[in-house]
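Here are the chains, one letter per residue:
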Amino acid sequence: MTPAGADHSRKRSDGLTGSSVRALLFLLRARAVFVLIALVILFSVLAPSFLTANNLAILSKHVAISAILAIGMTFVVLTGGIDLSVGSLAGLGGMVAGYLLTQGISIAGVVHYPPVPLAILTTLAVCLIVGFLNGWLVAKAGVAPFIATLGTLYIARGAALLLSNGKTFPNLAGQTARGNTGFLVLGQSSLAGLPLPAWIMLALFGLAWMIVVKTPLGRHIYAVGGNERAALLAGIRVSRVKLLTYVASSLCAALVGLIIASQLEAAHPATGESFELNAIAAVVLGGTSLMGGRGSISGSLIGAFVIGVLSDGLVMLGVSEFWQMVIKGTVIVLAVAVDQLQSRMQAKFLPYLLSSSTEGAY
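Parameters at a glance
- Residues numbered from 1 in each chain as written.
- Predicted model: local features only at pLDDT ≥ 70, side-chain atom pairs only at ≥ 80, totals over all residues.
- Heavy atoms only, no water.
- Helix = DSSP H or I, 4+ residues; strand = E, 2+ residues; numbered from the N terminus.
- Buried < 20%, exposed > 50% of the residue type's maximum accessible area, 1.4 Å probe, protein only.
- Contact = heavy atoms within 4.5 Å.
- 1 Å grid on protein atoms, 1.4 Å probe; cavity = no way out; pocket = protein on both sides within 12 Å on 5 of 7 lines; lining within 4 Å.
- Points joined across faces, edges and corners; volume = space filled by probe spheres on them.
- Nonpolar A, V, L, I, M, F, W, Y, C, P; charged D, E, K, R; others polar.
- Axes fitted to C-alpha atoms, helices over the stretch in contact; angles between N-to-C directions.
- Parallel < 35°, antiparallel > 145°, perpendicular 65-115°, else oblique.
- Left-handed = near helix turned anticlockwise from the far one by under 90°.
- Core = buried A, V, L, I, M, F, W, Y, C linked by side-chain atoms within 4.5 Å.
- Patch = residues over 30% accessible without salt bridge, like charges linked within 9 Å, V, L, I, M, F, W, Y side chains within 5 Å.
- Areas by Shrake-Rupley, 256 points an atom, 1.4 Å probe, with all protein chains shown as cover.
- Salt bridge = Lys/Arg side-chain N within 4 Å of Asp/Glu carboxyl O.
- Phe/Tyr/Trp six-rings, centres within 6.5 Å; stacked < 30°, edge-to-face > 60°.
- Lys NZ or Arg CZ within 6 Å of the ring centre and 35° of its normal.

**Student:** Explain the overall build of the chain to me, using residue names and the numbers behind them.
**Tutor:** Across its full length, the chain carries 15 helices and four strands. Taking all 362 residues of the chain together, the buried fraction comes to 44%. Long-range pairs, those at least 24 residues apart, make up 77% of the contacts in the chain between residues at least 6 apart in sequence.

**Student:** Quick one: what's the story with the layout of surface pockets, residue by residue and with numbers?
**Tutor:** Within this model, the largest pocket holds a volume of roughly 740 Å³. Forming the walls of the largest pocket are 26 residues, and the residues nearest its centre are Ser274, Phe275, Asn278, Ser311 and Lys328. Elements supplying a minimum of two residues to the lining of the largest pocket: helix H3 (53-78), helix H11 (238-264), helix H12 (275-285), helix H13 (297-316) and helix H14 (321-348). Top contributing element to the lining of the largest pocket by residue count: H14, with six residues. Looking at the lining of the largest pocket residue by residue, the class counts come to 12 nonpolar, nine polar and five charged. Around the second largest pocket sit 16 residues that line it, and Val35, Leu39, Leu310, Val331 and Leu334 are the ones nearest its centre. The class makeup of the residues in the lining of the second largest pocket is 15 nonpolar, no polar and one charged.

**Student:** Would you mind going over the packing of helix H5 (residues 116-139) against helix H6 (residues 145-164) in detail, with residue names and values included?
**Tutor:** At a closest axis distance of 9 Å, the pairing of H5 and H6 adopts a crossing angle of 150°. Judged on the interaxial angle alone, H6 and H5 are roughly antiparallel. Remark: the crossing between H5 and H6 carries right-handed chirality. Residue-level inspection shows Val130, Leu133, Asn134, Leu137 and Val138 of H5 in contact with H6, the latter providing Pro145, Ala148, Thr149 and Thr152. Looking at the contact of H5 with H6 residue by residue, the classes come out as six nonpolar, three polar and no charged.

**Student:** Give me the lowdown on the environment of Gly158, citing residues and values where you can.
**Tutor:** Examined against the element boundaries, Gly158 turns out to sit in helix H6. Put simply, Gly158 and Ser88 are 70 residues apart on the chain and 8.8 Å apart in space, counted from C-alpha to C-alpha.

**Student:** Before we move on, could you go through the nonpolar core and cite the residues and values that matter?
**Tutor:** For soluble globular proteins, the rule of thumb is that nonpolar side chains tend to be buried together. Within the largest apolar cluster, 80 residues are counted, with the highest numbers of intra-cluster contacts made by Ile68 and Phe183. Looking at which element gives the most residues to this core, the answer is H3, with 13 residues. In contact with Phe183, other than residues within four places in its own chain, are Ala97, Leu101, Val116, Ile120, Leu172, Leu258, Ala261 and Ser262. Val76, Leu137, Val138 and Tyr246 belong to the second-largest nonpolar core, a separate cluster that totals five residues.

**Student:** Outline a nonpolar patch on the surface, listing residues and values.
**Tutor:** Together, Val33, Ile37, Ile41, Leu42, Val45, Leu46 and Leu317 give the surface a local cluster of nonpolar side chains, amounting to about 600 Å² of exposed area. Residue placement: Val33 occurs in helix H2 (residues 31-46).

**Student:** With reference to specific residues and values, describe the environment of Asp83.
**Tutor:** For Asp83, the location among the structural elements is in the loop between H3 and helix H4 (86-102). For Asp83, a relative accessible area of 0% puts it in the buried group. As for Asp83 and Met73, which are separated by 10 residues in sequence, their C-alpha atoms are 6.7 Å apart. Look past the residues within four positions of Asp83 in its chain and what remains in contact with it is Met73, Val76, Asn134, Thr149, Tyr246, Ser249 and Glu276.

**Student:** I'd love a proper account of the packing of aromatic side chains, names of residues and values included.
**Tutor:** Summed over all chains, the structure comprises two aromatic pairs. Their ring planes at 40° and their centres at 5.8 Å tell us that Phe43 and Phe50 sit as a pair that is tilted. Aromatic side chains Tyr99 and Phe169 sit 6.0 Å apart centroid to centroid with 70° between the ring planes, which places their arrangement in the edge-to-face category. Pair noted here: Tyr99 is in helix H4 and Phe169 is in the loop between H6 and helix H7 (185-188), with a separation of 70 residues, a long-range link. The ring of Tyr113 has Arg178 sitting right over it, with the charged end atom 4.1 Å from the ring centre.

**Student:** I'd love a proper account of the packing of H3 against H13, names of residues and values included.
**Tutor:** Contact geometry of H3 with H13 gives a least axis separation of 8 Å together with a crossing angle of 140°. On the basis of the axis angle, H3 is oblique to H13. In terms of crossing hand, the pair formed by H3 and H13 is right-handed. For the pair H3 and H13, the contacting residues are Asn55, Leu59, His62, Val63, Ser66, Ala67, Ala70, Ile71, Thr74 and Phe75 in the first and Ile297, Ser300, Leu301, Ala304, Phe305, Ile307, Gly308, Val309, Asp312 and Met316 in the second. By residue class, the composition of the contact of H3 with H13 is 13 nonpolar, six polar and one charged.

**Student:** Could you give an account of unusual backbone geometry, with specific residues and numbers?
**Tutor:** In terms of backbone geometry, most residues other than glycine have negative phi values and most peptide bonds are trans. Notably, Ala108 is not glycine yet its phi reads approximately 55°, a positive angle. One can find Ala108 in the loop between strand E1 (105-107) and strand E2 (110-112). Positive phi, normally seen in glycine, also occurs at Glu265, with a value near 60°. One can find Glu265 in the loop between H11 and H12. Judged by relative accessible area, which is 34%, Glu265 ranks as partly exposed.

Here is the structure:
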């Protein structure tokens, strides 16, 4: 074979390898979609009532909880961080709202009960303070994200317990005489046949997607997660970017706490336990790298659907709660393993991808 023929054969081989690698990487990136489709088909066959309107309405509420947390968590993970405090913040948010609606605020010996909008804004403000603390510890004080948010996890959970001495705040419907009715609308009402929490999830998704894809802040988040040193040299205010991501995560956690308290008509200090694991699982399943710099909001939303469908389907099949924990843990481990495989493949086969792209240009 002549040198020209050998070179032509090598190019064809490289092009074929590049196409094959692209196809495999596409399958890895879209893994959450395939898993979701497989789960829906599986549970539809094993549990005929899975696709009924009533169950889908319940499922949408469960998915909304995981998805809202996952949206906030995605911002943090894209910068290479982690937020373990979101579950405790959800519990704290519910307890703050419960305290304001049932106990009120004593001023000069007179108890005042804030209206629902003010109670919600106060709850959001309290949780945002904790989110700001998380961001400050990570971005300014240089504390590792795992340690910083682990500490605030305990602080938020302890504060939630202190508000009621470990008891529940019941009857959050409020009283007309106090002017604090309407809180139950947040978690129990529907609009156009879709529960309000699902609409909140979709609104947050749209806002988050716009921020990540269409704004300089989104590009800065990816840059910080991809290479923090390079981002700093490029003039990006790394500390501010990190701070904003933790504030966004705390906002989402506060909304989850409010929604759950509204759904249950009561606030319990243990609300949100292990919610951070579901959020992290949804983010990783959606293709966001725990190392930062790679991932998407839409992927996290799909990952939340996977978690929600899996949980709902297992309950309908009567699977033990203990086995559900085992299965969820296995899913998380497999998701991280596949993510690492994807990263290694992209690094290993990058020359083939570049060579095949160059060929296509001629």
